[in-house]
Amino acid sequence: MVFFKAPPDWQRPHPRVTSEGVFWRRRRFMTSLIGAGVGLAAASAGGCQRSTTMDADLARTLGEPLLGVSRNRAFADAGREPTLQQYASSYNNFYEFGGSKNIWASAQALPVDPWRLEVTGLVKNPTTYDLDDLTRRFDLEERIYRFRCVEAWAMVVPWIGFPMRALMAAVEPTAAAKYVRFTSFYDSAVTPGPNLGFARNLPWPYTEGLTVDEMANELAFFAVGVYGRTLPKQHGAPIRMVVPWKYGFKGAKSIVKIEFVAEQPATFWNTLTPNEYKFEANVEPDVPHPRWSQKKERLVGESTALFSWEEQPTVIYNGYGEWVAGLYG
Ligand SMILES: Nc1nc2c(c(=O)[nH]1)N[C@H]1C(S)=C(S)[C@@H](COP(=O)(O)O)O[C@H]1N2
Ligand SMILES: [Mo]
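Quick notes on the rules
- Residues numbered from 1 in each chain as written.
- Chains lettered and ligands numbered in written order.
- Predicted model: local features only at pLDDT ≥ 70, side-chain atom pairs only at ≥ 80, totals over all residues.
- Heavy atoms only, no water.
- Helix = DSSP H or I, 4+ residues; strand = E, 2+ residues; numbered from the N terminus.
- Buried < 20%, exposed > 50% of the residue type's maximum accessible area, 1.4 Å probe, protein only.
- Contact = heavy atoms within 4.5 Å.
- Near = heavy atom within 4 Å.
- Polar contact = N/O pair within 3.5 Å; in protein donor to acceptor, adjacent residues only side chain to side chain.
- Areas by Shrake-Rupley, 256 points an atom, 1.4 Å probe, with all protein chains shown as cover.
- Nonpolar A, V, L, I, M, F, W, Y, C, P; charged D, E, K, R; others polar.
- Pairing = 2+ DSSP bridges.
- Axes fitted to C-alpha atoms, helices over the stretch in contact; angles between N-to-C directions.
- Core = buried A, V, L, I, M, F, W, Y, C linked by side-chain atoms within 4.5 Å.
- Phe/Tyr/Trp six-rings, centres within 6.5 Å; stacked < 30°, edge-to-face > 60°.
- Lys NZ or Arg CZ within 6 Å of the ring centre and 35° of its normal.

*Asks:* Even after reading the chapter, I still don't get the overall build of the protein chain, so can you show me in this structure?
*Replies:* Counting secondary structure elements, the protein chain contains 8 helices and 14 strands. The buried share among the 329 residues of the protein chain stands at 53%. The long-range share in the protein chain, meaning contacts at least 24 apart out of those at least 6 apart in sequence, stands at 74%.

Structural data, given as structure tokens:
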């Protein structure tokens with residue numbers, strides 16, 4: 001694998017500044033941003049369009065710098081500009097902390113230190129990793145991936161982490177292992193879940209699954225960082241799944257357990273509404289969600305009004321067919 005060091009271009013102002021206003025009408029700051037070493041450019045005077053600044057409270061949620069990480073050149077260009085972090089890190093799905101997109105502040109209650117990630121089941125070397133292991137045991141790299149939620153919004157995110165198959169090489173799944181189940185942190189005192197009528201009896205903890213072949217694919221990734229730093233809690237600190245050819249819900253956050261199993265495991269959304277959220281859940285423009293089309297998607301941060309985002313065509317396997325089409329021949 002060839003790596004190269006590149007300047008973090010997601011830290012530069014977005015070249016295609018389009019529409020008026022901002023997503024979240026919050027107090028923002030410019031000087032303290034620079035003082036904090038957060039490399040985001042301030043909006044130029046007079047030409048205030050999209051927000052190119054970050055809310056001070058949001059900036060305080062960002063993690064520790066991950067230094068000396070190289071970008072994997074195979075994933076240096078996602079064909080779209082990276083989403084500005086003030087959008088990506090404040091528009092999140094993390095139902096443990098509420099049913100809206102605006103959970104970044106409440107997610108700060110997540111306790112990440114100490115952390116234990118247990119890898120178990122049909123493996124030769126069951127292992128429990130601690131917080132330090134997650135950033136030190138495996139070679140970290142940066143990958144800029146397209147990200148597509150089943151709700152038809154999309155982003156482009158510079159993750160830092162390691163391929164899932166590096167972990168597989170360490171724990172050595174046995175021949176009997178056919179599926180993998182991933183479990184997110186859950187503690188009803190800390191992660192109450194959304195306070196919505198429909199959301200009583202949610203099948204906590206959040207779980208997701210892959211086949212072992214999907215997990216072994218080059219693209220399948222564990223992120224421990226984003227935008228040059230360790231993961232903020234709202235993105236699923238300290239470690240989450242990133243499976244860029246599948247809908248975003250397949251990428252469980254804040255993972256505490258990985259089990260190699262023989263049968264397809266039950267998973268959170270698939271248990272709740274199997275006709276809406278398939279186990280496979282690949283990005284497929286011609287397979288509609290029962291309640292909406294998947295032919296188009298809207299880029300988070302491209303505009304301000306939720307329902308006037310510019311629509312882009314959805315691409316089969318989210319543009320990663322070259323890597324994954326063989327899995328589904
Ligand atoms: N534990 C957990 N993981 C989760 C979710 C969640 O609610 N809980 N939401 C999923 C969904 S629907 C999406 S789109 C992505 C959002 O990731 P992001 O907030 O980092 O963009 O996380 C996924 N992982
Ligand atoms: Mo999602």
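Still more ground to cover, so stick around.
*Asks:* For this particular structure, what's the right way to read the site of ligand 1?
*Replies:* Of all residues adjacent to ligand 1, which total 18 residues, the nearest are Tyr95, Glu96, His235, Gly251 and Lys253. Between ligand 1 and histidine 235 there is a distance of 2.8 Å, counted from an oxygen atom to a side-chain nitrogen or oxygen. In this structure, a nitrogen atom belonging to ligand 1 sits 2.8 Å away from a main-chain N or O atom of glycine 251. For ligand 1, the accessible surface in isolation is 530 Å², of which the surrounding protein chains cover 99%. Residues that form the shell around ligand 1 fall into these classes: 9 nonpolar, 6 polar and 3 charged.

*Asks:* Could you clarify how one ought to interpret the sheet that holds strand S8 (residues 207–211) in this entry?
*Replies:* Strand pairs in the sheet, formed through backbone hydrogen bonds, run parallel or antiparallel to each other. Taken together, the 5 strands give an open sheet; going across it, the order is S4-S3-S12-S7-S8, and neighbouring strands pair in mixed fashion. Both outer strands of the open sheet, strand S4 (127–130) and S8, are each paired with one neighbouring strand and no more. The sheet shows a mean angle of 15 degrees between the axes of neighbouring strands, taken without regard to direction. Pairing analysis gives 4 bridges linking strand S3 (residues 116–121) to S4, with the strands arranged antiparallel. Paired with valine 119 across the two strands is threonine 127, which belongs to S4. Along the sheet, helix H5 (residues 164–171) contacts S3, S4, strand S7 (179–184), S8 and strand S12 (255–261); its crossing angle with S4, the most-contacted strand, is approximately 130 degrees.

*Asks:* Any chance you could explain the nonpolar core here in plain terms?
*Replies:* Side chains of nonpolar character tend, in soluble globular proteins, to be buried together. Ranked by size, the top nonpolar core spans 75 residues in total, and within it Trp159, Leu167, Phe182, Met215, Phe222, Ile258 and Phe260 carry the most contacts. Among the elements that line this core, the one with the most residues is strand S6 (residues 153–163), at 6 residues. Setting aside its immediate chain neighbours within four residues, phenylalanine 182 contacts Met164, Tyr206, Thr207, Glu208, Gly209, Leu210, Met215, Phe222, Met241, Ile255, Lys257 and Ile258.

*Asks:* Looking at this structure, I do not really get the packing of aromatic side chains. What am I missing?
*Replies:* Aromatic ring pairs are described here by two measures, namely the spacing of the ring centres and the angle between the planes. All chains considered together, the criterion is met by 22 aromatic pairs. Where tyrosine 95 meets tryptophan 269, the ring centres are 5.1 Å apart and the plane angle is 80 degrees; that geometry is what we call edge-to-face. Pair noted here: tyrosine 95 is in the loop between helix H3 (85–88) and S3 and tryptophan 269 is in helix H7 (residues 268–272), with a separation of 174 residues, a long-range link. What makes tyrosine 95 buried here is its relative accessible area of 14%. Here tryptophan 269 falls in the buried class, since its relative accessible area comes to 11%. Consider the rings of tyrosine 129 and phenylalanine 138, whose centres lie 5.7 Å apart with planes at 55 degrees: the pair is tilted. When its relative accessible area of 1% is taken as the criterion, tyrosine 129 is described as buried. Members of the aromatic cluster, connected to one another through ring pairs, are Tyr95, Tyr186, Trp204, Tyr206, Phe249, Phe268, Trp269 and Tyr277. The ring of phenylalanine 279 has lysine 250 sitting right over it, with the charged end atom 4.1 Å from the ring centre.

*Asks:* Can you help me understand unusual backbone geometry in this one?
*Replies:* Peptide bonds are mostly trans, and most non-glycine residues show a negative phi. In this structure, proline 114 follows aspartate 113 across a cis peptide bond, with omega equal to 5 degrees. Following the sequence through the fold, proline 114 ends up in the loop between H3 and S3. With an omega of -5 degrees, the peptide bond between alanine 237 and proline 238 qualifies as cis. Position of proline 238 among the secondary structure elements: in the loop between strand S10 (229–230) and strand S11 (240–242). The phi dihedral of alanine 152 is positive, around 75 degrees, even though this residue is not glycine. Note on placement: alanine 152 falls in the loop between strand S5 (141–148) and S6. Overall, alanine 152 belongs to the buried group, its relative accessible area being 10%. In the Ramachandran plot, alanine 281 falls in the positive-phi region, its phi being about 50 degrees despite a non-glycine side chain.

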